[in-house]
Structure formats: structure tokens, C-alpha cells
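Close look at the chain arrangement
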Amino acid sequence: MNSNLANLVRPDNLESFICDKNKKILFQSVIENDDFRSFIFYGKPGTGKTTISYILAKNLKVSFDYFNAAIDKKEDLVYKLKTNKILIIDEIHRLNKDKQDILLPYLENDLITIYATTTENPYFKLNPALRSRCTIVEIEKPSTETIKNKLIEIAKEKDIDKNLKYNIYEFLAIQANGDFRSAINSLELVSLLSKNHEVSVEEVKKIIPSIQFASDEKADNHYDYLSAFHKSLRGSDCDAALYWGFVIVKSGDFDGLFRRMMCATYEDVGLANPSLGPQVQAAIQTFERLGMPEGYLPIANAILCICLSPKSNSAYLGAQAAMHIIDNKGVYEVPSHLKDAHYSSASKLGRGIGYKYPHDYTNHFISQQYLPDELKGMKLYKNQTLGYEAKINEYWEKLKK
């Protein structure tokens, strides 16, 4: 068997290409109408970005070539732009400024059609001038079921299925985590084991022990994991918070995980459970003391504590209101009775005169003006009614009476 099964079975026509139905209609329309618009295909590894580029280029029946933005030279780019109608540019997010400056005039003057591929979010990573001249199409990961069925089809076609049970294909599909190319590579490896006997999932796990997973901390999919985790904490969904939290653990970004946990503690739980902050910090320190694998225990406990705590964002809203006033209305003069009076002759300037020392009064409280004159009576903190904050409300209601 050829050593690279993934290349052997790569689709060369639209019918056999795996993608969303609506996108397939779009690609069919491009071919039928000889549409030479430029595309940026964005998606995770192994989803078929380069494959669909070749399918479109071949079906439009014009000269085309391939350029790798990470390793190919500027001279290669110039030559390929001049001698082709379509250029497939792999890893376009790695195209440096010199090469972008060469490419842009060709795009601006409709001298070239490009099919660019990237695993990075084009709205973050690509030059806006380049991006605006292309149609961005996201190629989603195929489902586990789709990958499994395709693996069965490939195994039958290549006559490597005789010692492979159904559960092997299912395991390989799950393990690939949406990376179809990885699934095919795994199938090729397993087929070597199954030449002379029927293999079991347990045998396969010894050479393919865990799910294919990689998360670049600077990539947008990693920020999606962090966002889903934080929103699950805020939404008090223990199951989702544990799932996304341990996806992040698997990525190795413990710092990002802990930052989100601390942020949710103070932003979303806040005054409803003010003792939670030190508890979460203690859990993080315990993790650092234990390390992995036991370190997952304090992490799980802290995640559940955040989820199960009553919620209040009054501190967050109060801070936002204060910053909004400062940024939009300015910094006002401090009322004279609040100004520093701890120096000689301060009273001659009217500093501190009329200030009431709260501890001299019943319950250590006396009503007086603390805000600037321009903001007198304004409410930045608006109390909420859950958890410990409810007790704070009761205390202040009694105090004011």
C-alpha cells in the first residue's frame, strides 16, 4: 500500500468532498458559472480546505499552481502570479508584508484568483485590504458519524477491512476529533496491525491512546473554549463548566483557566458570596502544590463552588458605572470637607471643615456627602438580593431606619 493513504483517497471531485450542503451548492455554482472570485477557506486542520481549493481550480479548467506562504520564496510567488489564472495559497496567515505587497495589486486589478487556506481567524490574522478582496468561507469539522462512514468506505475500497470491526472505525472517528486527515492516517496505521488477525479497540488504544487535540493559546478556537467556560460558570451550569474547564486543562493553559475562574468569582458571584475569592485562590495554590494528576481535584471543587454559588454582578456594574462617568464626564473637585487636613494651616484653606467622623456616631455611621457636588445623589452601586448580599441589604435597611 502507498505509505500515504490520505493522499491516495483525497477527493478530486465535488461529489465526494465532505462539507455542509449549502456550501456544496455554493461551490457547484462557482464551477457552473465560471466564477473566478477569490476565496479564503478558514477552518481547523484536516477539514478539507486545500482539497476544495484543488477541486475548484481543476474544474474551472485554467492554469493554476500552489504556493506555501510559510516556506516558499518571494521569487516563486512573483513567477506563479504571472503565469497562472488561479493560485492556491496555503497558510496565508503566514504571508509576510513583502509578499502581501506583491499579491495585492494582482488582486486589485483582477489579474489573479486566489484560493487561500488558513487555520487562523482571518478577521484577526489577515491584512484587511487582502481580506476585503476575498470571500471568506469557514469549512467546519465533519461529524464523528460522517468520518466513521467514510473510513468504512475507504477500508472497503482499499481492501483493508477484513479484520476491522465496526467499533474500530467508531473509535478512530472519535479519536480524530474532526480531523479527517488524521482519521485516515490512523486507519492506515491500524490496517498494518490487522493484516494477520482481528484487532481489538484495546490494541488500537495502545498505539493511538487519546483523542487528537491541540489548542494554540493564541488561536481563536482556544479563546472560544475560555469563553464557553466563563459563560458556563456565569450561567451556573456545573456540567458544562466541568466539560469546558477540563478541555482547557487538556490544552495545558492552566493560567488561562485560573484567570477565568478568578474573574468569574469577582465579576459574577461577587457580593453574593464574598468569601469565594480566597477559597478559589486556595484551590489554585493547592493545585500548584499537588500538580497533576491529583491537581484536578481542587480545580473541580473550585469550578463547582463558582457554579453553585448565588450570583451578583453589582460590583461589576458599579465599577463599570464609575469608569463610564470618569471617562465621559471627567474628574471632579473633591468636596472641601473631604480634602486632606493633616497639615498645618489646612483649616485656613477650608480643608476638612465640616467632616463628620463616622465612628463618633451610633452604629459607626452618619449620613454626609461623599460624592463630588456634580454627582450628588447619584447611585453607582445598585444592590442585588441573593446570597450574602441579601444580608448586607437587611443590615443597611436597619441602619438607615
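Residues numbered from 1 in each chain as written. Predicted model: local features only at pLDDT ≥ 70, side-chain atom pairs only at ≥ 80, totals over all residues. Heavy atoms only, no water.

An unreviewed UniProt entry lists the protein under the name Replication-associated recombination protein A, with Metamycoplasma neophronis as the source organism.

Quick look at the overall build of the protein
Each helix and strand counted, the protein has 18 helices and five strands in total. Relative to the globule expectation of 21 Å for 401 residues, the C-alpha radius of gyration of the protein, 31 Å, shows a markedly less compact shape. Across its three principal directions, the C-alpha atoms of the protein cover 90 × 60 × 35 Å. Within the span of the protein, comprising 401 residues, buried residues form 41% of the whole. Residue pairs in contact within the protein that sit at least 24 positions apart in sequence constitute 67% of those at least 6 positions apart. (Helix = DSSP H or I, 4+ residues; strand = E, 2+ residues; numbered from the N terminus. Rg over C-alpha atoms; globule rule 2.2 N^0.38 Å. Buried < 20%, exposed > 50% of the residue type's maximum accessible area, 1.4 Å probe, protein only. Contact = heavy atoms within 4.5 Å.)

Focus: the side chain of glutamate 389
Here glutamate 389 is to be found in helix 18 (residues 387-400). Among the polar contacts made by the side chain of glutamate 389, one reaches the side chain of tyrosine 381 at a distance of 2.5 Å. Beyond its immediate stretch of four places on either side in the chain, glutamate 389 contacts Leu271, Ala272, Ser312, Ser314, Tyr381, Asn383 and Gln384. (Polar contact = N/O pair within 3.5 Å; in protein donor to acceptor, adjacent residues only side chain to side chain.)

Description of the UniProt feature "domain: AAA+ ATPase" (unreviewed entry) in the protein
In this numbering, the UniProt entry assigns the feature "domain: AAA+ ATPase" (unreviewed entry) to residues 35-143. With 38% helix and 22% strand, residues 35-143 has end C-alpha atoms that lie 29 Å from one another. (UniProt positions renumbered as here; feature names shortened; annotations may be inferred.)

Digging into the sheet that holds strand 2 (residues 64-68)
The strands making up a sheet associate through backbone hydrogen bonding, with each pair oriented either parallel or antiparallel. In spatial order, the strands read 2-3-4-1-5; together these five strands make up an open sheet with parallel pairing. Each edge of the sheet is formed by a strand with only one pairing partner; in this case those strands are strand 2 and strand 5 (135-138). Geometrically, the sheet is characterised by an average inter-axis angle of 20° between neighbouring strands, direction not taken into account. Bridge analysis of strand 2 against strand 3 (residues 86-90) gives five bridges, and the strand direction is parallel. (Pairing = 2+ DSSP bridges. Axes fitted to C-alpha atoms, helices over the stretch in contact; angles between N-to-C directions.)

Description of the pattern of salt bridges
Tallying each qualifying case throughout the model produces 10 salt bridges. Arginine 133 is the partner of glutamate 108 in a salt bridge, and the nearest nitrogen-oxygen pair spans 3.4 Å. One end of the pair, glutamate 108, is in helix 5 (residues 97-108); the other, arginine 133, is in the loop between helix 7 (128-131) and strand 5, with 25 residues separating them in the sequence. Of the residues examined, glutamate 108 reaches a relative accessible area of 44% and is grouped as partly exposed. Put simply, aspartate 268 and arginine 234 hold a salt bridge, and the shortest N to O gap is 2.8 Å. Taken as a pair, aspartate 268 in helix 14 (residues 254-269) and arginine 234 in helix 12 (residues 220-234) lie far apart in primary sequence, 34 residues in all. (Salt bridge = Lys/Arg side-chain N within 4 Å of Asp/Glu carboxyl O.)

Quick look at the packing of aromatic side chains
In the structure shown here, the tally under the stated rule is 13 aromatic pairs. Judged by centre distance (6.4 Å) and plane angle (15°), the ring pair of tyrosine 54 and tyrosine 66 falls under stacked. Residue tyrosine 54 is located in helix 3 (residues 49-59), and its partner tyrosine 66 is located in strand 2; the two are separated by 12 residues in the primary sequence. Residue class for tyrosine 66 comes out partly exposed when judged on its relative accessible area of 24%. Between phenylalanine 365 and tryptophan 396, the aromatic rings sit 5.3 Å apart at their centres with planes inclined by 80°, giving edge-to-face as the arrangement. (Phe/Tyr/Trp six-rings, centres within 6.5 Å; stacked < 30°, edge-to-face > 60°.)

Remarks on the state of the cysteines
Within this structure, the stated rule accounts for zero disulfides. Here cysteine 307 is not disulfide-linked; the sulfur of cysteine 238 is the nearest cysteine sulfur, at 4.4 Å. (Disulfide = S-S within 2.5 Å.)

So, the pairing of strand 4 (residues 113-118)
Of all the six residues making up strand 4, six are buried; the element is thus mostly covered by neighbouring parts of the structure. Neither face of strand 4 is left uncovered, since the one carrying Thr113, Tyr115 and Thr117 and the one carrying Ile114, Ala116 and Thr118 both have all their residues buried. Bridge analysis of strand 1 (residues 39-42) against strand 4 gives four bridges, and the strand direction is parallel. Across the sheet, residue phenylalanine 39 finds its bridge partner in strand 4, namely tyrosine 115. As paired strands, strand 3 and strand 4 are joined by four bridges and run parallel to one another. Its bridge partner being in strand 4, leucine 87 is matched across the sheet by isoleucine 114. Handedness of the crossover joining strand 3 and strand 4 through helix 5 is recorded here as right-handed. (Right-handed = clockwise from strand over helix to strand, strands pointing away.)

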